[in-house]
Structure formats: C-alpha cells, structure tokens
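A look at the structure
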Amino acid sequence: MINDGDVPRELSGLVVPLLGSLEATGDLFEPYRLVDGDGAVVVPVAAFFAELAAFGRPATTQRSYGMDLLRWFRFLWALGVGWD
C-alpha cells in the first residue's frame, strides 16, 4: 500500500496498460523516442536522450534506458501520477 498524502492506495489489483512505445527513428542523432498512448513524444525523456547523445553514448544505451523508462512511465500513467 502506498500513501498519497492522507489517502492510501491499494496497488495489489493495479493493472498497467500497455500504453506508449519506444520507437526507432532511423535518425543517427535521435535513434529512439518514447511516445505516450496518444503518440506524443515524452518531452523529459527526449531531453534525457539528447543528453546521452551529446555525451557520445551509443544508440543501444538509449534503447536500454528507453525500455526501462517505458515501463516506469506506464506505471505512472496507470496511477495517474506525473513523473515529477
């Protein structure tokens, strides 16, 4: 159980829908992008990916982190909680 202020949340029956996706772009400078259930780019993740690229990290690093971030954002979307 998680407390949200004064209201406890029961998470044992939480179903996390398969919203959003990690899309390969074919672009050397932006190899992946994370999109939400409506197809809009998740801006904080795009900024993080740009930072990874600026530091010379390979596309495989973006893919690996992107898959983890997709799972995390799906969980947050299921709860109706913002990432920040």
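Please refer to the structure higher up on the page.
Residues numbered from 1 in each chain as written. Predicted model: local features only at pLDDT ≥ 70, side-chain atom pairs only at ≥ 80, totals over all residues. Heavy atoms only, no water.

Overview of helix α2 (residues 59-79)
Going by this rule: Each helix is a run of DSSP H or I of at least 4 residues and each strand a run of E of at least 2, with the numbering of both proceeding from the N terminus. A helix is expected to span 1.5 Å multiplied by its residue count minus one. Any residue under 20% of the maximum accessible area for its type is buried, any over 50% is exposed, and the rest in between are partly exposed; the area is computed with a 1.4 Å probe on protein chains only.
For α2, spanning 21 residues, the distance from its first C-alpha to its last is 30 Å, which sits close to the expected 30 Å at 1.5 Å a residue. Within α2, the full set of buried residues consists of Thr61, Gln62, Gly66, Leu70, Phe73, Arg74, Leu76 and Leu79.

Let's talk about helix α1 (residues 43-54)
Put simply, the rule reads: Here the arc refers to the set of directions running from the helix axis out to each C-beta atom. Here, residues are in contact when the closest pair of their heavy atoms is within 4.5 Å.
Helix length check: α1 (12 residues) gives 16 Å between terminal C-alpha atoms against 16 Å at 1.5 Å per residue, within 8%. Inspection of α1 places Val45, Phe49 and Leu52 among the buried residues, and these make up the whole buried set. On an axial view of α1, the arc spanned by its buried residues comes to 55°, and they lie on one face. Pointing more than 90 degrees away from the buried face of α1 are the exposed residues Val43 and Ala54. Looking at the buried positions of α1, the neighbouring elements they touch are β3 (21-24), β4 (32-35) and α2. Positive phi appears at glycine 56, one or two residues downstream of α1, with a value of about 80°.

A closer look at the nonpolar core
Put simply, the rule is: Nonpolar cores were defined as sets of buried Ala, Val, Leu, Ile, Met, Phe, Trp, Tyr and Cys residues, with membership established by side-chain atoms within 4.5 Å.
Leu22, Tyr32, Leu34, Val42, Val45, Phe49, Leu52, Leu70 and Phe73 together form the largest nonpolar core, which totals 9 residues. Contributing elements (two or more residues each) for this core: β4, α1 and α2. A total of 3 residues in this core trace back to one element, the largest contributor, which is α1. Apart from residues no more than four positions distant in its own chain, tyrosine 32 is found in contact with Leu22, Glu23, Ala24, Thr25, Phe49, Ala59, Gln62 and Arg63.

With respect to the side chain of glutamine 62
Test applied: N or O atoms within 3.5 Å of each other form a polar contact, as long as, within protein, one can give a hydrogen and the other can take it, and as long as residues adjacent in sequence are counted only when both atoms are side-chain atoms.
Counting through the fold element by element, glutamine 62 comes out in helix α2. For glutamine 62, the side chain forms a polar contact with the main-chain oxygen of phenylalanine 49, separated by 3.3 Å. Aside from chain neighbours lying at most four places away, what touches glutamine 62 is Pro31, Tyr32, Phe49, Leu52 and Ala53.

A look at the packing of α1 against α2
The condition that has to hold: Each axis is a line fitted through C-alpha atoms, and for a helix only the stretch in contact is used; angles between axes span 0 to 180 degrees, taken between their N-to-C directions. For this classification, under 35 degrees means roughly parallel, over 145 means roughly antiparallel, 65 to 115 means roughly perpendicular, and everything else is oblique. Left-handed describes a crossing in which the near helix is turned anticlockwise from the far one by less than a right angle; the clockwise case is right-handed. In the scheme used here, Gly and all other residues not listed as nonpolar or charged are polar, with Ala, Val, Leu, Ile, Met, Phe, Trp, Tyr, Cys and Pro taken as nonpolar and Asp, Glu, Lys and Arg as charged.
Between α1 and α2, the shortest axis-to-axis distance is 11 Å and the interhelical angle comes to 160°. Viewed along their axes, α1 and α2 adopt a mutual orientation that is roughly antiparallel. Of the two elements, α1 crosses α2, and the hand of that crossing is right-handed. Every residue of α2 that contacts α1 at Val45, Phe48, Phe49, Leu52 and Ala53 is listed here: Thr61, Gln62, Tyr65, Gly66, Leu69 and Phe73. Here the residues of the contact of α1 with α2 are counted per class, giving 8 nonpolar, 3 polar and no charged.

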